[in-house]
Amino acid sequence: MAGVLSLSACSEQSADEPKAAETSQAMNNAMDVKQPEPVAAPKAPLADPMPAPAAKAPVEQEVQKVVEAKAEAVMAEAATGVSGEKVYATCVGCHGAAGEGGVGPKLAGQEIAAIVEKLQRYKSGEQVGPMTGMMAPMAAGLSDGDMQAVAEYVNGL
Ligand code: HEC
């Protein structure tokens, strides 16, 4: 008996459908007439969310950079057993605490691979620049692991 009841309920609903369609058509017509409304509506919702992410993003990116640089240095130390920070302590006098340069050239902002490559050239005895005589003895004492660690540390400064 329940099945028969629900079937009849269904047929009653479908009988209502044409009416619903007529209603929505009528609503569409009403919307066609009031066109300015949808244009005005989005203004308020768009204005609020925009400034918030724009103000946050640069700060979050800077934090992300610092965190990644620190993580790289920690991972390098774990992989090589060498602390780039400790190695760089012997370089600070000539290249600056922030790698900004002094007696030696600026190192901050240089790619890790570029720093390692130059250190290898100094170590091999190659004449790199006019003051190679000052830098070569420093590179001579560095192992491959030291070079990688100090380059990653400098890159994160
Ligand atoms: C006594 C001062 C002195 C110390 C200490 C020193 N450097 Fe240097 N460094 C120099 C000078 C001077 C040059 C430029 C040499 C040349 O003209 O080829 C140089 C060049 C470099 C360069 C090449 C930079 C470029 O842009 O061409 C790198 C990389 C570098 N040093 C890394 C280091 C690291 C790493 C340490 C510590 C392990 C270190 N230096 C310690 C004086 C120093």
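Per an unreviewed UniProt entry, the recorded name for the protein is Cytochrome c domain-containing protein, and the organism is Thiosulfatimonas sediminis.

A. Just the packing of helix α7 (residues 112–123) against helix α8 (residues 132–140), in detail. α8 packs onto α7 with a crossing angle of 100 degrees between their chain directions and a minimal axis gap of 8 Å. By the angle between their directions, the pair α7 and α8 is classed as roughly perpendicular. Counting all contacts with α7, which are made through L119, Y122 and K123, the residues of α8 involved are T132, M135, A136, A139 and A140. Considering only residue class, the contact of α7 with α8 consists of six nonpolar, one polar and one charged.

B. Looking closely at the coordination of the iron atom of the ligand. Taken together, the protein donors to the iron atom of the ligand comprise H95 (NE2) and M135 (SD), at separations of 2.0 to 2.1 Å. Relative to the metal, the six donor atoms surrounding the iron atom of the ligand lie at angles of 88 to 178 degrees, and the coordination shape comes out octahedral. Highlighted residues: H95 in helix α6 (residues 92–95) and M135 in helix α8, separated in sequence by 40 residues. Each of the two residues, H95 as well as M135, counts as buried.

Rules and cut-offs
Residues numbered from 1 in each chain as written. Predicted model: local features only at pLDDT ≥ 70, side-chain atom pairs only at ≥ 80, totals over all residues. Heavy atoms only, no water. Axes fitted to C-alpha atoms, helices over the stretch in contact; angles between N-to-C directions. Helix = DSSP H or I, 4+ residues; strand = E, 2+ residues; numbered from the N terminus. Parallel < 35°, antiparallel > 145°, perpendicular 65-115°, else oblique. Contact = heavy atoms within 4.5 Å. Nonpolar A, V, L, I, M, F, W, Y, C, P; charged D, E, K, R; others polar. Donors = N, O, S within 2.8 Å, 3.2 Å for Na, K, Ca; no water. Tetrahedral: all angles 85-135°; square planar, octahedral: opposite > 155°, others 65-115°. Buried < 20%, exposed > 50% of the residue type's maximum accessible area, 1.4 Å probe, protein only.

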